[in-house]
2 protein chains.
Amino acid sequence: MAGVDVPKARQVYLVLRERIASGGLHSGDVLPGEQALAAEHNVSRITVRKALAELEREGMVDRRRGAGTFVRLAAAPKPVVADIADVLSNLVAMGRGTDVRLLAFGYGEPASAVAEALRLAPGERAQRSVRVRMVDGEPFSHLTTHVPERIGVTYSEAELASRPLLALLERSGVEVDRATQEIGAVLATPDVAAALNIDIGSALIALTRVVYDAEGRGVEHLAALYRPDRYAFRMDLERTGADDGRRWSPATGEHQSTKRSRSARKHEGKAQ
Amino acid sequence: MAGVDVPKARQVYLVLRERIASGGLHSGDVLPGEQALAAEHNVSRITVRKALAELEREGMVDRRRGAGTFVRLAAAPKPVVADIADVLSNLVAMGRGTDVRLLAFGYGEPASAVAEALRLAPGERAQRSVRVRMVDGEPFSHLTTHVPERIGVTYSEAELASRPLLALLERSGVEVDRATQEIGAVLATPDVAAALNIDIGSALIALTRVVYDAEGRGVEHLAALYRPDRYAFRMDLERTGADDGRRWSPATGEHQSTKRSRSARKHEGKAQ
């Protein structure tokens, strides 16, 4: 009986933890009282107390009798802030050790959304693989890829577990040319949560990328999920155009180098 | 008593709803049985039944006695897939009607993360505003902005409620030059959930942008939250470089026009 409202307490805990981790609440800040938190989250005070106890166990808050609950920010590892276009190259360039675990590998007819994106013929099969990328030994991203069977058969399961997929595609003679991607957010399902070592229902960055060859044929469909506590996509923009036509555009190389030097300065600052 | 595990049922409901809405489950697919779902989510069968009943009420599944639960995709409005660099210009270009509600407006010392990003002097105040952008009459994004006080005082609360912030900054003589942005994912807190008309604990796209003037001074800090069921960021990439240096880069104008025509074709296809 005591455990039935654990899930609600976990939800309150997740939301508060995220507010602290994201910088919305700061070290020394006082959290609202139990009654206010209960009203805000539409739960009982017992539920709020459980959530706060969990935060205290993790060292994120101090509860002082009569004084309130104080944020005590545990030293969270800074997220890797990397290039939205090319996560893997960016990680390698930063000297981060990355490693891949292959969770599933096989052939079959993909879901219709994937078949449509890859423009497969009716009944055409695809290779489906599920991988988890580890960065510095910690789960970092969950990657579900589909590749048309005619291309997938040019490499083995073992090769996929040890080499970047794009390198395998290019080795097979595919002329990888361009890609479209969409970025959204999803809740962690039970299988993904287990693979990424996070709570079910945590927020994840969702990136869907379709890669095309020079003839415009789809050669890879990637559905990638990233832990936002370990990763943020970064991009630099510049203001272009004149008058009513002024708008943001991705920064050119000149600004990219500005970004790198600024970013380097920032890291030096943090390291002090 | 009957209500105590509603939150857990809601979590199962949210995860299943998202799998259906995101295309992970398709019209006609059979959901796993109650026992399998209960084991997967680590909840009771009663909780699973509540979640399925909620999905059925919303018309997303059919439960057929003895046969199982079938996905019946309610016609969800397609997310607006827009330019990651310039959401507002993109929406306007698509002819979407947008409108803003100003929820909060005032001056004070911002949180240290914001003060640091804007490089405010110690004790320097900033204007803080919270706005909800409506697209076609529905809540779409939740925008919290900070602007240094010296710039903020050049426009009024009423002007902010009716004109784009960047236009107001440029009118004040600020030479808006470039920006950096980071994209992540967060769970909806109670206040944001209420403003965006979604469930607490839903996944949101989080975009943090810092805008600089030509001298490199921070002029705006934006923390934007987007509903992923109504929005996805889109970008086009091209493969550049040679041999080991091959990598993804944002597509140039040539590919942008390819994207537009392809995107137009896609929309024509969907409209049938």
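Note that this is a predicted model, so its numbers are computed, not measured.

Colleague: Help me understand the overall build of chain A in this model?
Modeller: Within chain A one finds 10 helices and 11 strands. Expressed as a percentage of the 272 residues in chain A, the buried residues total 48%. Sequence separation of 24 or more characterises 56% of the internal contacts of chain A that already satisfy a separation of 6 or more.

Colleague: I'm lost on the interface of chain B and chain A in this one. Help?
Modeller: A common way to state how big an interface is: give the accessible area lost once the parts meet. In this complex, chain B contributes 65 residues to the contact, which on the side of chain A involves 64 residues. For the pair chain B and chain A, the summed buried surface comes to about 5800 Å²; carbon and sulfur atoms form 59% of the total. The tally of links from chain B across to chain A stands at 2 salt bridges. Arg-239 of chain B is the partner of Glu-170 of chain A in a salt bridge, and the nearest nitrogen-oxygen pair spans 3.3 Å. Across the contact surface, chain B and chain A share 12 residue pairs in polar contact (both at pLDDT 80 or more). The greatest single-element share of the side of chain B that touches chain A, amounting to 12 residues, is contributed by strand β7 (residues 176–187) of chain B. Note that strand β10 (residues 231–240) of chain A and β7 of chain B share 6 bridges and pair antiparallel. Looking at the pairing, Phe-233 of chain A lines up with Ile-183 of chain B of β7 of chain B.

Colleague: What is the right way to look at the pattern of salt bridges in this model?
Modeller: Two side chains of opposite charge can pair, provided their charged atoms sit close to one another. Scanning the model with the defined rule gives 30 salt bridges over all chains in all. One salt bridge connects Arg-178 of chain A with Asp-177 of chain A, and the closest N-O pair in it is separated by 3.9 Å. With a closest N to O distance of 2.7 Å, Glu-159 of chain B and Arg-171 of chain B form a salt bridge. With a gap of 12 residues between them, Glu-159 of chain B in helix α7 (residues 157–162) and Arg-171 of chain B in helix α8 (residues 165–171) connect regions that are remote in the sequence. We classify Glu-159 of chain B as partly exposed; its relative accessible area is 23%. On the accessibility criterion, Arg-171 of chain B (42% relative accessible area) is partly exposed. When salt bridges with common partners are traced through the structure, they connect Glu-34, Arg-45, Arg-49, Glu-56 and Arg-63 of chain A into a single cluster.

Colleague: Looking at this structure, I do not really get the relation of the copies chain B and chain A. What am I missing?
Modeller: Note that the two copies of the chain are related through a rotation about an axis and a translation along the same axis. When chain B is fitted to chain A, the best match, at an RMSD of 0.1 Å, comes from turning it 180° and sliding it 0.0 Å along the axis. On this basis, the relationship between the two copies can be described by a two-fold rotation axis.

Colleague: Help me understand helix α2 (residues 34–41) of chain B in this model?
Modeller: Helical geometry: 3.6 residues make up each α-helical turn, so side chains three or four residues apart lie on a common side. Residue and element names in this part refer to chain B. Residues Leu-37, Ala-38 and His-41 constitute the buried set of α2. All buried residues of α2 lie within an arc of 100° about the axis, which places them on one face of the element. Along α2, the residues that are exposed and aim more than 90 degrees away from the buried face are Gln-35 and Ala-39. Once α2 finishes, Asn-42 follows within two positions and takes phi at roughly 60°, a positive value.

Colleague: Mind showing me how you'd approach the packing of aromatic side chains here?
Modeller: Given two aromatic rings, their pairing is described by the distance between the two centres and the angle made by the two planes. Residue and element names in this part refer to chain B. Counting across every chain of the model gives 6 aromatic pairs over all chains. Relative to Tyr-107, the ring of Phe-105 has its centre 6.2 Å away and its plane inclined at 85°; by these criteria the two rings are edge-to-face. Relative accessible area serves as the criterion here: at 25%, Phe-105 is assigned to the partly exposed category. Overall, Tyr-107 belongs to the partly exposed group, its relative accessible area being 29%. Seen in terms of ring centroids, Phe-140 and Tyr-226 are 6.0 Å apart; in terms of plane orientation they differ by 75°. Their pairing is edge-to-face. Taken together, the residues Phe-140 in strand β6 (residues 138–148) and Tyr-226 in strand β9 (residues 218–226) connect sequence positions 86 residues apart.

Colleague: Just checking my understanding: could you explain the packing of helix α2 (residues 34–41) of chain A against helix α3 (residues 45–57) of chain A for this structure?
Modeller: A pair of packed helices can be characterised by two numbers: the angle between their axes and the separation between those axes. Residue and element names in this part refer to chain A. Interhelical geometry of α2 versus α3 gives an angle of 105° and a closest axis separation of 9 Å. Considering their axes alone, α2 and α3 lie roughly perpendicular with respect to each other. Seen from α2, the contacting residues are Glu-34, Gln-35, Leu-37 and Ala-38; seen from α3, they are Arg-45, Val-48, Arg-49 and Leu-52. Within the contact of α2 with α3, the residues separate by chemical class into 4 nonpolar, 1 polar and 3 charged.

Colleague: Could you clarify how one ought to interpret the confidence of the model for chain A in this entry?
Modeller: Fine structural detail should not be taken from predicted coordinates in areas where pLDDT scores are low. Residues and elements named next belong to chain A. Here chain A averages 80 in pLDDT, and 80% of its residues register 70 or above. When the criterion is pLDDT under 50, residues 1–6 qualifies, and its contacts beyond four places in sequence or with other chains add up to 6 contacts. Every residue in residues 253–272 scores below 50 in pLDDT, and together they form 15 contacts with partners more than four places removed in sequence or on other chains.

Colleague: Which parts of the structure should I look at to understand the pairing of strand β8 (residues 203–213) of chain A?
Modeller: It is a general feature of regular strands that their side chains alternate between the two faces of the sheet. Residues and elements named next belong to chain A. Burial analysis of β8 places 10 of its 11 residues in the buried class, the great majority of the element. In the sheet, strand β7 (residues 176–187) pairs with β8 via 11 bridges, with the strands oriented antiparallel. In the strand pairing of β8, Ala-185 is matched with Ile-205. Sheet analysis places β8 next to strand β9 (residues 218–226), joined by 8 bridges and oriented antiparallel. Bridge pairing in β9 links Val-210 to His-221. Between β8 and β9, which pair antiparallel one after the other, the connecting turn spans 4 residues, and Gly-216 there sits at a positive phi close to 85°.

Colleague: What should I look at first to understand helix α3 (residues 45–57) of chain B in this one?
Modeller: Residues and elements named next belong to chain B. In a regular helix each residue adds 1.5 Å, so 13 residues correspond to 18 Å; α3 covers 18 Å between its end C-alpha atoms and thus fits that length. Of all the residues in α3, the buried ones are Thr-47, Val-48, Ala-51, Leu-52 and Leu-55. The arc enclosing the buried residues of α3, seen along the axis, measures out at 135°, which places them on a common side.

Colleague: Would you explain the side chain of Lys-8 of chain B in this entry?
Modeller: As for its position among the elements, Lys-8 of chain B is in helix α1 (residues 6–21). Discounting residues that sit within four places of it in the chain, Lys-8 of chain B has contacts with Pro-7 of chain A together with His-41, Asn-42, Val-43 and Thr-47 of chain B.

Colleague: Is there a simple way to think about unusual backbone geometry in this case?
Modeller: Outside of glycine, negative phi angles account for most residues, and trans bonds account for most peptide bonds. Phi is positive for Asn-197 of chain A, which is not a glycine, with a value near 60°. Tracing the backbone shows Asn-197 of chain A in the loop between α9 (190–196) and β8. For Asn-42 of chain B, which is not a glycine, the phi torsion comes out positive at approximately 60°. Turning to its location among the elements, Asn-42 of chain B is positioned in the loop between α2 and α3.

Rules and cut-offs
- Residues numbered from 1 in each chain as written.
- Chains lettered and ligands numbered in written order.
- Predicted model: local features only at pLDDT ≥ 70, side-chain atom pairs only at ≥ 80, totals over all residues.
- Heavy atoms only, no water.
- Helix = DSSP H or I, 4+ residues; strand = E, 2+ residues; numbered from the N terminus.
- Buried < 20%, exposed > 50% of the residue type's maximum accessible area, 1.4 Å probe, protein only.
- Contact = heavy atoms within 4.5 Å.
- Buried area = accessible area lost by both parts, 1.4 Å probe.
- Salt bridge = Lys/Arg side-chain N within 4 Å of Asp/Glu carboxyl O.
- Polar contact = N/O pair within 3.5 Å; in protein donor to acceptor, adjacent residues only side chain to side chain.
- Pairing = 2+ DSSP bridges.
- Least-squares fit on C-alpha atoms with pLDDT ≥ 70 in both.
- Arc of directions from axis to C-beta.
- Phe/Tyr/Trp six-rings, centres within 6.5 Å; stacked < 30°, edge-to-face > 60°.
- Axes fitted to C-alpha atoms, helices over the stretch in contact; angles between N-to-C directions.
- Parallel < 35°, antiparallel > 145°, perpendicular 65-115°, else oblique.
- Nonpolar A, V, L, I, M, F, W, Y, C, P; charged D, E, K, R; others polar.
- pLDDT = per-residue confidence, 0-100.
- Expected span 1.5 Å × (residues − 1).

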